[in-house]
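Structural description and commentary
Spelled out from the first residue to the last, the chains are:
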Amino acid sequence: QKEVEQNSGPLSVPEGAIASLNCTYSDRGSQSFFWYRQYSGKSPELIMSIYSNGDKEDGRFTAQLNKASQYVSLLIRDSQPSDSATYLCAVNGNSGYALNFGKGTSLLVTP
Amino acid sequence: DAGITQSPRYKITETGRQVTLMCHQTWSHSYMFWYRQDLGHGLRLIYYSAAADITDKGEVPDGYVVSRSKTENFPLTLESATRSQTSVYFCASSVGLAGVGEQFFGPGTRLTVL
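None of the values given here were measured: they were computed from a predicted structure.

1. Things to note about the pattern of salt bridges
Residue and element names in this part refer to chain A. Across all of its chains, the model carries 6 salt bridges over all chains by this definition. One salt bridge in this structure joins Glu45 and Arg37, with 3.0 Å as the shortest N-O distance. Residue class for Glu45 comes out partly exposed when judged on its relative accessible area of 37%. Given a relative accessible area of 13%, Arg37 falls into the buried group. The salt bridge involving Asp83 is made with Arg60; its shortest N-O contact spans 2.9 Å.

2. Let's talk about the interface of chain B and chain A
Each side of the interface is counted separately: chain B has 23 residues, and chain A has 19 residues. Each partner contributes to the roughly 1,600 Å² buried at the junction of chain B and chain A, and carbon and sulfur atoms together form 56% of this total. In terms of surface lost to chain A, no three residues of chain B exceed Leu43, Glu102 and Phe105 of chain B, which account for 25% of the buried area on that side. Joining chain B to chain A, the criterion identifies 0 salt bridges. The tally of links between chain B and chain A comes to 6 residue pairs in polar contact (both at pLDDT 80 or more). Residue assignment for the side of chain B that touches chain A shows that the elements contributing at least two residues are strand 4 (31-38), strand 5 (42-51) and strand 10 (103-105) of chain B. Counting residues per element, the side of chain B that touches chain A draws most heavily on strand 4 of chain B, at 4 residues.

3. Some details on the packing of aromatic side chains
As enumerated under the stated definition, the model contains 13 aromatic pairs over all chains in all. Where Tyr25 of chain A meets Phe33 of chain A, the ring centres are 4.9 Å apart and the plane angle is 50°; that geometry is what we call tilted. The buried category is assigned to Tyr25 of chain A, whose relative accessible area is 6%. For Phe33 of chain A, a relative accessible area of 0% translates into the label buried. Relative to Phe104 of chain B, the ring of Trp27 of chain B lies with its centre 5.8 Å away and its plane at 65°, an arrangement referred to as edge-to-face. Remark: Phe104 of chain B occurs in strand 10 and Trp27 of chain B occurs in the loop between strand 3 (19-25) and strand 4; sequence separation between them is 77 residues. Classification of Trp27 of chain B by relative accessible area gives partly exposed; the value is 34%. Taken together, the ring pairs connect Tyr36 and Phe101 of chain A together with Tyr31, Phe33, Tyr35, Tyr48, Phe90 and Phe105 of chain B into an aromatic cluster. Residue placement shows Arg60 of chain A over the ring face of Phe61 of chain A; its charged tip is 5.6 Å from the ring centre.

Parameters and conventions
Residues numbered from 1 in each chain as written. Chains lettered and ligands numbered in written order. Predicted model: local features only at pLDDT ≥ 70, side-chain atom pairs only at ≥ 80, totals over all residues. Heavy atoms only, no water. Salt bridge = Lys/Arg side-chain N within 4 Å of Asp/Glu carboxyl O. Buried < 20%, exposed > 50% of the residue type's maximum accessible area, 1.4 Å probe, protein only. Contact = heavy atoms within 4.5 Å. Buried area = accessible area lost by both parts, 1.4 Å probe. Polar contact = N/O pair within 3.5 Å; in protein donor to acceptor, adjacent residues only side chain to side chain. Helix = DSSP H or I, 4+ residues; strand = E, 2+ residues; numbered from the N terminus. Phe/Tyr/Trp six-rings, centres within 6.5 Å; stacked < 30°, edge-to-face > 60°. Lys NZ or Arg CZ within 6 Å of the ring centre and 35° of its normal.

Put into structure tokens, the structure is as follows:
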């Protein structure tokens, strides 16, 4: 069973702080990694993708990948109350195009 | 630019009835997927399709049937609905380039089986 693990939270951070979300995965053959944001009652929305070791920045978001440690993280700088949502980590293995999702981390940004 | 749409958005049915959830995408993406999302389980893949007339099982396919006669449509049928199939169902699509796999989700269908 290929697993993607996330701390369920809730992770609470004050407005303006950095939120750090973490994810580990079990399939060493995984090639593609994604972060989705899901507001309550809405569908998942892709916010970041990363394919190679290191950091990838997009606006206030930075994704970090360490394949040796089988670890992927998402940093949100200058967190805003509108960032309050559940963040899903998804991993694409080498056996096809299906994604394995973690159960998500709930983030609460307090004003 | 409609993207990916699902219908109906909400459905209430009874145990034993057949139900079909529709999914339509306007991007001409090759890959399409059906997921269900339940508290405590997260998103689980039911079926996916690599192209018209090519489908394959995901993690939880039992009790579901799919077809894909046209690239843009990927309906999901519950042949005889059970209460355990009460869930939120998401359709997704992907360009499907090797090693990429970014998936984009529809708005979801909330299904209740009484």
